[in-house]
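The residues making up each chain are set out below.
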Amino acid sequence: MSSEPMGKTLYDKLWDSHVVRQEEDGTALIYIDRQLLHEVTSPQAFEGLKISGRKPWRIDANVATPDHNVPTTAYTSAEDIEDPISRIQVQTLDANTKYFGITEFGIGDVRQGIVHVVGPEEGVTLPGMTLVCGDSHTATHGALGALAHGVGTSEVEHVLATQCLLQKKMKNMLVKVDGRLRPGVTPKDVILAIIGKIGTAGGNGHAIEFGGQVFKDMTVEGRMTVCNMAIEAGARVGLVAVDDKTIEYVKGRPYAPKSEDWDKAVAAWSDLHSDADAVFDTVVEMNGAEIEPQVSWGTSPEMVTDVNGKVPNPDAEADPVKAGGIRRALEYMGLDAGMSITDIPVDYVFIGSCTNSRIEDIRAAAKVLKGRKVAASVEQALIVPGSGLVKKQAEEEGLDKIFIEAGFEWRNPGCSMCLAMNADRLPSGKHCASTSNRNFEGRQGAGGRTHLVSPEMAAAAAVVGHFVDVRTMLEVGV
Amino acid sequence: MDKFTELTAVVAPMDRANVDTDAIIPKQFLKSIKRTGFGPNLFDEWRYEDVGEPGMDNTNRPLRKDFVLNQPRYQGAKILLARENFGCGSSREHAPWALKDYGFDVVIAPSFADIFFNNCFKNGILPIVLDEVIVDKLFQETYAEEGYQLTVDLVAKKIIRPNGEQIAFDVDEFRRHCLLNGLDDIGLTLQHQSEIEAFEQNYKVKNPWLFN
Ligand code: SF4
C-alpha cells in the first residue's frame, strides 16, 4: 500500500472533524454544532429531558421556530390558531424554549418561518458545521457545506442532553451533473430528474455530494433546493462544496462570524470540498444539458417525467412489484396510462415549502406570472413565502402585487399545504401543481393529488390550468 | 426502555413496497405532544373507512374489512412482514411509536429507510433486514397458514420458522446490546461526558465563531 494518505471527500472531512469517540463497530459520537427545533418533533424531547431531570448541554447551540402548524392567514399570536391541537403544539414550543432559555423566532417575529429557510437566512447554518433538526429535510443545509442530518425525536433529546449524536458513518455517493442547464430548467428539475434516475432508495445509506458544472453554476439557494430533496433520493445528507458563492451568501448574516472570527472562519472553510483524489463508493453521472422541466405523475417522487413526456403504462413494466406500484399510483392520481403530462388538469397551485419558498423561487414564479392571470378553472392558487424576511423582501420588490393581480393568495410564512397540518389543504381528488417535495398519498390533504414541479412550472400551470412547458411562456425556446 | 431478547408471535403481512411514514401514521396525529397513544391510528387511512382525526373515539369507527390488520387471523400480531424501503418519507418518530403502541416489536423487510430504521431501535423495535427471496418466502408462508408464527431470537440472531428451520440475521452489535439490556442512549452517552467536554474545549479553540 502506498504511504500517501488517500484523498478525503467533503463528507469524510466534516465527519472526521466532529468525531468525539468511536466504538470498534464503527458507532461514533459526533459533536453537533447546531440544533434547529420546531413545534412538531420537539415536545416529546423536551418532555423526556424534564422527566429525566436533564438540562440542555449547550443552550446557545439551539434555535427554534414554529412552522408546521402555523396559520398562513393573518394572525398575531399562538392564541389565534383555531385548531386547538395545533395551538397547543405551538404554545408548547414557546413554553419549552422559554423554560430552557433557548432562542425562538416565534409567531409575530419577522424571522419566523420554515426552519430550513430560516437557518441559512439567519446565518444560523454555517459551512463546516454539523447541524441536526427533527425533520428529514434538514438535508437542505448541506448546500452550505454543513453536515446536516434529519433526526428523530429521541435524537433531538439526545442532542439537547449531550451535544452529540450517535452515528455510523455513511457511504460516500457523488452525483455529478456536468454540462450546462438549458434556460428555463431549474434546480428543482435537476433534483427531480436525479430522483427519477436513481429512485427514492437510490441514496440509502449514503451521504450524497452534488458535484459537477451544474452545481458550480447554481446559486446557493438553488443548491438548497437540490440538497433539500436528497432525502427523497433516500439519503439523509446532501452536500455541495463550499465556494466563493457560499462565502458571499453567508457574509453579513446575523449569526455569521464577524471581524477576526470571519477571517478565521473563511480560512477554515476553504478546505470544505472533496479532494481531487477522493474516492466515492457510488458515482452517478448525468448530463445537465439533457434535463427537461419535470412533473411528477405518481405517489412517490421517483414517479416523475419530462413535461413533454407521458404517464407510464404499467403493462409495459416487467417488474410486477413496480407495475403494481404504477397501477396503484395511477388509480390514486386519477390518471390514464399513456396520457400526456400536459393533459393533466391543475385545480390547485401551491408555491412554497422548504424546497421552493426562498426569494429566488418567488422571483422566478413572479416572472412567469407578470401580466398574466390564473386560469378560471384553477380553484385556489397559494403562494407562501418561506419566512417573514422572504415575505418582506418580496414585498419590497413589489412581487406580492404581481401574485395578487394574477389571482394568487399572498400568505404568511409556514409549511402550509406542503403537508397540510394547518388549515391549508388540498381537497380530495383535486390535482395540485406543487413546489413541495413529497407527493405521497394524502400528503397535501386526504385524497389530494400532488404533482411536484418547479416554481416556474407551477406558475405556468396556474395560468393555463394544466401542465405546460414553461419555456413556451418564457421566450427561451424549448 | 423495555428489554428485547426473544419473541414468538403471529406475523402480519404488509404487502406493499415503499410504505412511507405518512401511511404508517398520518400527519394529523403528529399534533400530539405525547409519545404514547398512537396505536389506534396506525395505518389510519388504510385501516378505517372514514377520515381519522385526533381525539376521535377510534373504537366505533368503520373498518376497511380488506385491510390486513383488520382481518381476524392477524389479530395479536407482533411481527410485521414488509416489502422494500419500509418507513420511507418523513423522519417522524411517531411511526415507530405507533407500531410499538399497536403491539409490533419486530419488522422484517428486504430494506428500510435509514431514519426509520434508526428510530426503531430507539423505541425498542427490532427491524430485521432479510434477503428479498427469503422475505418473499415468508410472505407466502404467512398467507398459506392461518396463525403463522415466527420466533425471533435476538440473543442468537436467528429467526425460527414453524418447521424449525432457522434464518440467521445481522444486527449492529451496539444496537443489539442496547435492546438486550433495555439501555437508553442518553445515559450511555453521558458515561463519556469528560470526553465530550475535552473535545469541546479543543474544538472551541479552533472554531471560536461557533460559540456565543
Ligand atoms: S415545508 Fe414541508 S417538507 Fe419542509 S419542513 Fe415544512 S412540512 Fe417539512
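Residues numbered from 1 in each chain as written. Chains lettered and ligands numbered in written order. Predicted model: local features only at pLDDT ≥ 70, side-chain atom pairs only at ≥ 80, totals over all residues. Heavy atoms only, no water.

Q: Go over the confidence of the model for chain B with me, naming the residues and quoting the values.
A: Residues at a pLDDT of 70 or more form 100% of chain B, whose mean pLDDT is 93. Across the assembled chains, the prediction reports ipTM 0.92 with pTM 0.85. (pLDDT = per-residue confidence, 0-100.)

Q: Describe the pairing of strand 7 (residues 147-150) of chain A, and please don't skip the residues or the numbers.
A: Two faces belong to every sheet, and in a regular strand the side chains alternate between them. All names here are of chain A. Burial of the side chains of strand 7 extends over both faces: Leu147 and His149 are buried on one face and Ala148 and Gly150 on the other. Summarising the sheet, strand 6 (residues 130-133) and strand 7 pair through four bridges and their orientation is parallel. Across the sheet, residue Cys133 finds its bridge partner in strand 7, namely Gly150. (Buried < 20%, exposed > 50% of the residue type's maximum accessible area, 1.4 Å probe, protein only. Helix = DSSP H or I, 4+ residues; strand = E, 2+ residues; numbered from the N terminus. Pairing = 2+ DSSP bridges.)

Q: I'd like a rundown of the nonpolar core, residues and numbers included.
A: All names here are of chain A. In terms of nonpolar packing, the biggest core is built from 88 residues, with Ile194, Phe210, Phe215 and Trp269 touching the most fellow members. Among the elements that take part in this core, helix 6 (residues 187-198) stands out by supplying seven residues, more than any other. With residues near it in sequence (within four places) discarded, Phe210 still touches Val175, Ile191, Ile194, Phe215, Val226, Cys227, Ala230, Gly238, Leu239 and Val240. Residues Ile114, Val117, Val368 and Cys415 belong to the second largest nonpolar core, which totals 57 residues. (Core = buried A, V, L, I, M, F, W, Y, C linked by side-chain atoms within 4.5 Å. Contact = heavy atoms within 4.5 Å.)

Q: How would you summarise the environment of Phe174 of chain B if you had to cite specific residues and measurements?
A: By the element assignment, Phe174 of chain B lies in helix 6 (residues 173-181). If near-sequence neighbours (up to four positions away) are discounted, Phe174 of chain B is found in contact with Asp25, Thr27 and Leu166 of chain A together with Leu188 of chain B.

Q: Outline the environment of Ala423 of chain A, supporting the account with residue identities and numerical values.
A: Mapped onto the secondary structure, Ala423 of chain A falls in the loop between strand 17 (409-410) and strand 18 (431-434). In this structure the C-alpha to C-alpha distance between Ala423 of chain A and Ser86 of chain A, which are 337 residues apart in sequence, comes to 9.9 Å.

Q: Tell me about the packing of helix 2 (residues 43-52) of chain A against helix 5 (residues 153-162) of chain A, and please be specific about residues and values.
A: Residue and element names in this part refer to chain A. For the pair helix 2 and helix 5, the least separation of the axes is 8 Å and the interaxial angle reads 50°. With respect to helix 5, the axis of helix 2 lies oblique. In terms of crossing hand, the pair formed by helix 2 and helix 5 is right-handed. Between helix 2 and helix 5, the residues in contact are Gln44, Ala45, Phe46, Gly48, Leu49 and Ser52 and Thr153, Val156, Glu157, Leu160 and Ala161, respectively. Classifying every residue of the contact of helix 2 with helix 5 gives six nonpolar, four polar and one charged. (Axes fitted to C-alpha atoms, helices over the stretch in contact; angles between N-to-C directions. Parallel < 35°, antiparallel > 145°, perpendicular 65-115°, else oblique. Left-handed = near helix turned anticlockwise from the far one by under 90°. Nonpolar A, V, L, I, M, F, W, Y, C, P; charged D, E, K, R; others polar.)

Q: I'd like a rundown of the packing of helix 12 (residues 359-369) of chain A against helix 15 (residues 455-464) of chain A, residues and numbers included.
A: Residues and elements named next belong to chain A. Running from amino to carboxyl end, helix 12 crosses helix 15 at an angle of 30°, the nearest separation of the two axes being 8 Å. As judged from the angle between their axes, helix 12 and helix 15 are roughly parallel. In the crossing of helix 12 with helix 15, the sense of the turn from one axis to the other is right-handed. Listed contacts from helix 15 to Asp361, Ala364, Ala365, Val368 and Leu369 of helix 12 are Pro455, Glu456, Ala459, Ala460 and Val463. Looking at side-chain class alone, the contact of helix 12 with helix 15 contains eight nonpolar, no polar and two charged residues.

Q: Would you mind going over the interface of chain A and chain B in detail, with residue names and values included?
A: Taken together, the contacts link 74 residues of chain A with 53 residues of chain B. In this assembly, chain A packs against chain B so that about 5,300 Å² is buried in total across both faces, 57% of it on carbon and sulfur atoms. Along the contact surface separating chain A from chain B lie four salt bridges. Scanning the region where chain A abuts chain B turns up 21 residue pairs in polar contact (both at pLDDT 80 or more). For the side of chain A that touches chain B, the secondary-structure elements that each account for two or more residues are strand 1 (19-22), strand 2 (27-31), helix 2, helix 3 (84-100), helix 5, strand 8 (164-168), helix 10 (259-269) and helix 11 (320-333) of chain A. Considering every element that reaches the side of chain A that touches chain B, the biggest residue donor is helix 5 of chain A, with seven residues. The class makeup of the residues in the side of chain A that touches chain B is 27 nonpolar, 26 polar and 21 charged. (Buried area = accessible area lost by both parts, 1.4 Å probe. Salt bridge = Lys/Arg side-chain N within 4 Å of Asp/Glu carboxyl O. Polar contact = N/O pair within 3.5 Å; in protein donor to acceptor, adjacent residues only side chain to side chain.)

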